[in-house]
Amino acid sequence: MTGFRRTALVAGLLAAGFGAPLALAQEKVLRIGMTAADIPRTLGQPDQGFEGNRFTGIPIYDSLTQWDLSKEKEPSVVIPGVATEWKADDADKTKWIFKLRAGVKFHDGSPLNADAVVWNVQKVLDKTAPHFDASQVGVTASRMPTLRSARKIDDMTVELTTSEPDAFLPINLTNLFIASPTHWEAKLKAVPASVTDPAERAKQAWAAFAADPSGSGPFRVTRFVPRERLELAKNPDYWDEKRRPRIDRVVLLPLPEANARTAALLSGQVDWIEAPAPDAVPQIKSRGFVIYQNEQPHVWPWQLSFVEGSPWLDRRVRHAANLCINRTELKELLGGMMAEAYGTYEKGHPWHGDPKFQIKYDPATAKKLMQEAGYSAAKPVKVKVQTSASGSGQMQPIPMNEYLQQALKECFFDVELDVIEWNTLFTNWRHGAKDASARGANAINVTFAAMDPFFGMVRFTSTKTFPPVSNNWGYFGNEEFDKLIADARTAFDAKARDAALARLHARIVEEAPFVWVAHDVGPRAMSPKVKGVVQPQSWFIDIATMSME
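Note that the structure is predicted; figures quoted are calculated from it, not measured.

Chemist: Would you mind showing me how to read the sheet that holds strand β9 (residues 229–234) here?
Modeler: Adjacent strands of a sheet form backbone hydrogen bonds with each other and so pair up, either parallel or antiparallel. The seven strands lie next to each other as β8-β9-β10-β1-β11-β20-β12, forming an open sheet whose pairing is mixed. At either end of the open sheet lies a strand with only one pairing partner, and these are β8 (219–225) and β12 (290–292). Strand-to-strand, the axes of this sheet are offset by a mean angle of 20°, without reference to chain direction. Where β9 meets strand β10 (residues 249–254), four bridges bridge the pair, whose relative direction is antiparallel. Considered in β10, the bridge of L232 is made with V250. Where helix α3 (residues 49–57) meets the sheet, it contacts β1 (29–34), β9, β10, β11 (272–274) and β20 (524–526), and its direction lies at approximately 160° from that of β11. Each of β1, β11 and β20 is contacted by helix α9 (residues 258–266), which is oriented at about 165° to β11, the strand it contacts most.

So, in structure tokens, the structure goes:
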């Protein structure tokens, strides 16, 4: 970063109010530099990938179930949120009963009850509901594709119905953030009477709600400037005493460029940055900042196309690409800020299984496979990969993809990179390889969380998740995989479910619909003033339990 650019960045931050120590002296303020280029949506269902969930979902809202983010040395598991217990009906496994927590209130003071839960399911699934919002559907329905409806049994009990028996539902529901119906109704009433179209009135109400949202989470929104900043204040009445914030205010800054984030941290303009520039880590540490990282169930891959004409239709080519990458060398280039990936789940994980194809660094075998497929140094296979310059979980996408571009050249791959904006890439992921948005790409580089079996495996291998339903961008799948998925989905016993998922993962590795490269370790650099940091084995992290000196 040039001196001029760094000075300009600091001046801009000062102008935005990030260099006013006297104003901040009386309160504990945590300032965060995100990788996102914009503030994730605040209306209840965030965008910007799971960075949105991390920064505008979990802090502002609650969900029926949530991730336990309190442990560093154990995998995160699903625990009760505003639902205290749940169970599938013994006679009909498509029906689930959820008991709600008493006394939970939204930031506007209204109660979070069964009516509110039903209303929030309708906002993304019921097109006839007056508050239905199509803009929230994509980031919700794709993450809980079997959920169909919700019904109030009494004020504190809800029945949820799925399209088929689905043991994954409680995990999926960590993504349904519950917004205040009362607050939304107030915004609707404020829409001018001259706006008569119901859909347009609802759209305007949601826009007003996003600018002034009401959830029930540990923080509430106090200021929102799109593409510039989001300010959150603590909710002193939050229902979970253990997560009642000790930080008065959180300020979120979109800083998509790694060097800009690093400069902001080193100059004292922010207290926390996501994904610091690897070459700046020694300087960051020498200046007394703390680097937190922990291997996460989060995969950095190329997802491959199986549409007609794709070079990846040949399994030998897919295997060769996986064998041609020196992941250890890439890890060194990233300053150790990655874990090497040899599948979606690694050995020791209950879902790893026993795949017959072993991913490793073996360029000799890779070249042999490519020659068998008809390729050589004189006749390389041309592949095009769509990626982004930054974004949630993308780690360091440009240098990583350029490394792959050079590494795969040795094994007769001619790789073209198509670099686009992160949120556009994320949208294209739903459109699929057949869509014009792919721009001729036959692979896409979108990282994904693998915390639950739907996110980690099902949405990429089921014929029911072809675009635009979910993220099977490459149209991979067949009857065998659908059967393996059904076996896991209908296994309501934990051990039987783990065994079924291990069989599914083994077959995924053998067929290789991905080039597996890395697992994110969630590197973030923080000021030593930030205390109580728990870096869980999760893509998420809990701001509410932190404090500031």
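Once the structure has been displayed, the description carries forward.
Chemist: I tried to follow the nonpolar core on my own but got confused; where do I start?
Modeler: Most often, soluble globular proteins have nonpolar side chains that are buried together. Counting residues in each nonpolar core, the largest one holds 120 residues, and the members touching the most others are I32, W272, W302, W312, F413 and W516. For W302, the contacting residues outside a window of four places in its chain are W312, V385, N401, L404, L408, V415, A443, I444, N445, P513, F514 and V515. Membership of the second largest hydrophobic core comes to 25 residues, among which are F98, L173, L176 and I178.

Chemist: Got a minute to help me understand the side chain of T146 in this structure?
Modeler: You can see T146 is positioned in the loop between α5 (138–141) and β6 (147–154). When its relative accessible area of 3% is taken as the criterion, T146 is described as buried. Among all residues touching T146, those that are not within four sequence positions of it are T161, T162, S163, E164, D166 and R489.

Chemist: How should I be thinking about empty space enclosed by the protein in this particular structure?
Modeler: A probe matching the size of a water molecule, rolled over the atoms, marks out where space remains unfilled. Enumeration over the complete set of coordinates arrives at three cavities of 30 Å³ or more. In terms of lining, the largest cavity is formed by A275, P276, P278, L334, M337, M395, Q396, D520 and P523. Partitioned by chemical class, the residues of the lining of the largest cavity number seven nonpolar, one polar and one charged.

Chemist: Sorry if this is basic, but what is going on with the pairing of strand β4 (residues 83–88) here?
Modeler: Along a regular strand, successive side chains alternate from one face of the sheet to the other. Sheet topology note: the β4/strand β5 (residues 95–100) ladder contains five bridges and is antiparallel. Among the inter-strand pairings, A83 is bridged to a residue of β5, identified as L100. Once β4 ends, the chain turns through six residues before running back antiparallel as β5.

Chemist: I'm lost on the state of the cysteines in this one. Help?
Modeler: Should the sulfur atoms of two cysteines be covalently bonded, the bond is a disulfide. Evaluated as defined, the whole model comprises one disulfide. Sulfur-sulfur distance for the disulfide between C324 and C411 comes to 2.0 Å. In this structure, the disulfide formed by C324 and C411 twists by about 90° around the S-S bond and is classed as right-handed. Separated by 87 residues along the polypeptide, C324 in the loop between α11 (315–323) and α12 (327–333) and C411 in the loop between α14 (397–409) and β16 (413–420) bring together distant segments of the chain. Judged by relative accessible area, C324 falls into the buried class, the value being 2%.

Chemist: Is there a simple way to think about the confidence of the model for the protein in this case?
Modeler: Of the residues in the protein, 95% have a pLDDT of 70 or more, and the chain-wide mean is 93. This model gives residues 1–24 a pLDDT under 50, and the stretch forms 33 contacts once residues within four places in sequence are excluded.

Chemist: Any chance you could explain the pattern of salt bridges here in plain terms?
Modeler: Between side chains of opposite charge, pairing is possible as soon as their charged atoms come close. Per the stated rule, a full pass over the model turns up 30 salt bridges. Of the charged contacts in the structure, one is a salt bridge between R54 and E51, with a shortest N-O distance of 3.9 Å. On the criterion of helical spacing, the pair formed by R54 and E51 is a turn pair, its members being three residues apart in helix α3. The buried category is assigned to E51, whose relative accessible area is 0%.

Chemist: Help me understand the packing of helix α16 (residues 453–461) against helix α18 (residues 494–511) in this model?
Modeler: For any two helices packed against each other, one specifies the inter-axial angle together with the distance between the axes. With their axes 11 Å apart at the nearest point, α16 and α18 run at an angle of 50° to one another. With respect to α18, the element α16 is oriented oblique. In terms of crossing hand, the pair formed by α16 and α18 is left-handed. Of the residues in α18, those in contact with P453, M457 and T461 of α16 are L501, L504, H505 and I508. A breakdown of the residues in the contact of α16 with α18 according to their chemical character gives five nonpolar, two polar and no charged.

Chemist: How should I be thinking about the packing of aromatic side chains in this particular structure?
Modeler: For any two aromatic rings, the description comes down to two numbers: the centre-to-centre distance and the angle of the planes. In the structure shown here, the tally under the stated rule is 24 aromatic pairs. With a centroid separation of 6.1 Å and 40° between ring planes, the pair formed by W96 and F492 is classed as tilted. Residue W96 is found in strand β5, and its partner F492 is found in the loop between α17 (479–489) and α18; the two are separated by 396 residues along the sequence. Taking relative accessible area as the criterion, F492 reaches 28% and is therefore assigned partly exposed. An aromatic cluster is defined as three or more aromatic residues linked by ring pairs; in this entry it consists of W422, F426, W429, F448, F460, F514 and W516. Over the ring of W539 we find R54; its NZ or CZ atom is 4.3 Å from the centre of that ring. Over the ring of Y475 we find K434; its NZ or CZ atom is 4.3 Å from the centre of that ring.

Chemist: Could you clarify how one ought to interpret the layout of surface pockets in this entry?
Modeler: Volume-wise, the largest pocket comes out at about 770 Å³. Surrounding the largest pocket, 30 residues form its lining, P75, S76, H349, W351 and M451 being those nearest its centre. Put simply, the parts of the chain that give the lining of the largest pocket at least two residues each are α6 (169–172) and α18. In terms of residue class, the lining of the largest pocket is made up of 18 nonpolar, seven polar and five charged.

Chemist: Explanation requested: the pairing of strand β13 (residues 298–304) in the structure shown.
Modeler: Of all seven residues in β13, seven are buried, a share of seventy percent or more. Residues H298, W300, W302 and L304 line one face of β13 and the alternating positions V299, P301 and Q303 line the opposite face, and both faces are buried. When β13 meets strand β18 (residues 448–449), the two strands line up antiparallel, connected through two bridges. Across the sheet, residue V299 finds its bridge partner in β18, namely F448. Here β13 pairs with strand β19 (residues 514–519) via five bridges, running antiparallel. When the bridges of β19 are listed, W300 appears paired with A518. In this sheet, strand β17 (residues 443–444) lies alongside β13 in antiparallel orientation, the contact comprising two bridges. Of the residues in β17, the one forming a bridge with L304 is A443.

Cut-off values and rules
Residues numbered from 1 in each chain as written. Predicted model: local features only at pLDDT ≥ 70, side-chain atom pairs only at ≥ 80, totals over all residues. Heavy atoms only, no water. Pairing = 2+ DSSP bridges. Helix = DSSP H or I, 4+ residues; strand = E, 2+ residues; numbered from the N terminus. Axes fitted to C-alpha atoms, helices over the stretch in contact; angles between N-to-C directions. Contact = heavy atoms within 4.5 Å. Core = buried A, V, L, I, M, F, W, Y, C linked by side-chain atoms within 4.5 Å. Buried < 20%, exposed > 50% of the residue type's maximum accessible area, 1.4 Å probe, protein only. 1 Å grid on protein atoms, 1.4 Å probe; cavity = no way out; pocket = protein on both sides within 12 Å on 5 of 7 lines; lining within 4 Å. Points joined across faces, edges and corners; volume = space filled by probe spheres on them. Nonpolar A, V, L, I, M, F, W, Y, C, P; charged D, E, K, R; others polar. Disulfide = S-S within 2.5 Å. pLDDT = per-residue confidence, 0-100. Salt bridge = Lys/Arg side-chain N within 4 Å of Asp/Glu carboxyl O. Parallel < 35°, antiparallel > 145°, perpendicular 65-115°, else oblique. Left-handed = near helix turned anticlockwise from the far one by under 90°. Phe/Tyr/Trp six-rings, centres within 6.5 Å; stacked < 30°, edge-to-face > 60°. Lys NZ or Arg CZ within 6 Å of the ring centre and 35° of its normal.

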